[in-house]
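Descriptive structure summary
Below are the chains, spelled out letter by letter.
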Amino acid sequence: MTRSGFVALAGRPNAGKSTLVNRVVGGKVAIVSDKPQTTRREIRGIATGDDWQLVLVDLPGVQRPRDPLTERMQRSVERVLADSDVALFMVNGAERIGPGDRFIARAVANVGLPAVTALNKVDALDRARTAAALSAAAELGVDGEVFPISARTGEGVPELVEHVIGLLPEGPFLYPPEDSTDLSDEVRLAELVREQVLARTREEVPHAVEVEIDEIEERPDGSLVVRARVWAETESQKGILVGKGGAMIKQIGTAARTEMAAMAGRPVHLDLHVRVRRGWRRDEGLLDRLGIE
Ligand SMILES: Nc1nc2c(ncn2[C@@H]2O[C@H](COP(=O)(O)OP(=O)(O)OP(=O)(O)O)[C@@H](O)[C@H]2O)c(=O)[nH]1
Ligand SMILES: [Mg+2]
């Protein structure tokens, strides 16, 4: 008899949800950054054992919606929670518990699924702070146990995974055991570019950028040519992304290409173009095309 199911990961922006997905899956399926609201689409990370399969649904950190982009992000959190088997609520141990945590905790408690709380980033806390954060997390009204973990170092993660497997319903595997994600190659490659943009920009720029893959071409020598567009909302953002004499976009491209080659297991040529599209965050057609539902 096998166990399998969907585990929805809910928590404030920056809690470390995507880092945990990558850790459990054992590869990079979701990009990570120190900027809030890095994850824009629901991403499924799949981990399979002898007799279990966990499908972790990495969700955008919920925040008050401001525009059609963030409205879609918020709606997807509610939809995914309703369709999951287990709710994994993540709290950022390195920050004070705030209204955002209480808001998400209520949403998790309201769906009535088997639940578990992960108190993340304990590598950054001493014992006393870990103990205090654990009891604060336990008071948020989410049923089930609280696990102290570090998604970054892996501490506490095996115990958490073991416990979550026990909460899964019995049933057949939902994906081939060798799969690690359901994302298309286009989206994964585009996200690798966006990750490098997030790592190098500040203030409004990280939120104003989206990446779209135009073409993936295989050369006779087996290498890949990837052509991508980097969307910005204004000319000044475009200027920042291009940089002096093209220095910034070159850096972004070099770093993203290295990640892409590691993912594809072959050499990649990356061709990046920065374009301005005013108000793309409100452009429902573009959001559809980018797969942000
Ligand atoms: N010290 C420490 N930092 C962590 C840990 N897990 C994640 N981080 C860092 O926290 C930041 C946010 O991590 P993400 O995984 O992108 O967070 P997220 O919850 O997916 O964020 P959103 O997608 O914005 O909702 C990154 O800088 C991570 O490197 C951890 O266990 N310890
Ligand atoms: Mg994320």
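Below: a short report on this structure. (Residues numbered from 1 in each chain as written. Chains lettered and ligands numbered in written order. Predicted model: local features only at pLDDT ≥ 70, side-chain atom pairs only at ≥ 80, totals over all residues. Heavy atoms only, no water.)

Comments concerning the site of ligand 1
- Neighbouring ligand 1 are 23 residues, the closest being Lys17, Thr19, Gln37, Thr38 and Asp123.
- The contact in question runs from an oxygen atom of ligand 1 to an N or O atom on the side chain of Thr39, over 2.8 Å.
- Considered on its own, ligand 1 offers 660 Å² of accessible surface; in the complex 92% of this is hidden by protein.
- With 3 residues, the single largest contributor to the shell around ligand 1 is helix H1 (residues 17-25).
- Considered class by class, the residues forming the shell around ligand 1 number 5 nonpolar, 11 polar and 7 charged. (Near = heavy atom within 4 Å. Polar contact = N/O pair within 3.5 Å; in protein donor to acceptor, adjacent residues only side chain to side chain. Areas by Shrake-Rupley, 256 points an atom, 1.4 Å probe, with all protein chains shown as cover. Helix = DSSP H or I, 4+ residues; strand = E, 2+ residues; numbered from the N terminus. Nonpolar A, V, L, I, M, F, W, Y, C, P; charged D, E, K, R; others polar.)

Regarding the coordination of the magnesium ion (ligand 2)
- At 2.0 to 2.2 Å from the magnesium ion (ligand 2) lie its protein donor atoms, namely Ser18 (OG) and Thr39 (OG1). Of the two residues, Ser18 sits in helix H1 while Thr39 sits in the loop between H1 and strand S2 (43-48), which places them 21 residues apart along the sequence.
- Here Thr39 falls in the buried class, since its relative accessible area comes to 7%. (Donors = N, O, S within 2.8 Å, 3.2 Å for Na, K, Ca; no water. Buried < 20%, exposed > 50% of the residue type's maximum accessible area, 1.4 Å probe, protein only.)

Description of helix H9 (residues 247-264)
- With 18 residues, H9 extends 26 Å between its outermost C-alpha atoms, agreeing within 8% with the 26 Å of an ideal straight helix rising 1.5 Å per residue.
- Where H9 is concerned, the buried positions are Met248, Ile249, Ile252, Gly253, Ala255, Ala256 and Met260.
- In this structure, the buried residues of H9 make contact with helix H6 (185-200), strand S8 (224-232), helix H8 (235-242) and strand S9 (268-276).
- Positive phi shows up at Gly265, right after H9, with a value of about 70 degrees. (Expected span 1.5 Å × (residues − 1). Contact = heavy atoms within 4.5 Å.)

Looking at H6
- When the terminal C-alpha atoms of H6 are compared, their 23 Å separation across 16 residues agrees well with the 22 Å that a helix rising 1.5 Å per residue should span.
- Counting buried residues in H6 gives 12 out of 16 residues, a clear majority hidden from the surface.

What about the environment of Gly154?
- Looking at the secondary structure, you find Gly154 in the loop between strand S6 (146-148) and helix H5 (157-167).
- Take Gly154: its relative accessible area is 14%, and that puts it in the buried class.

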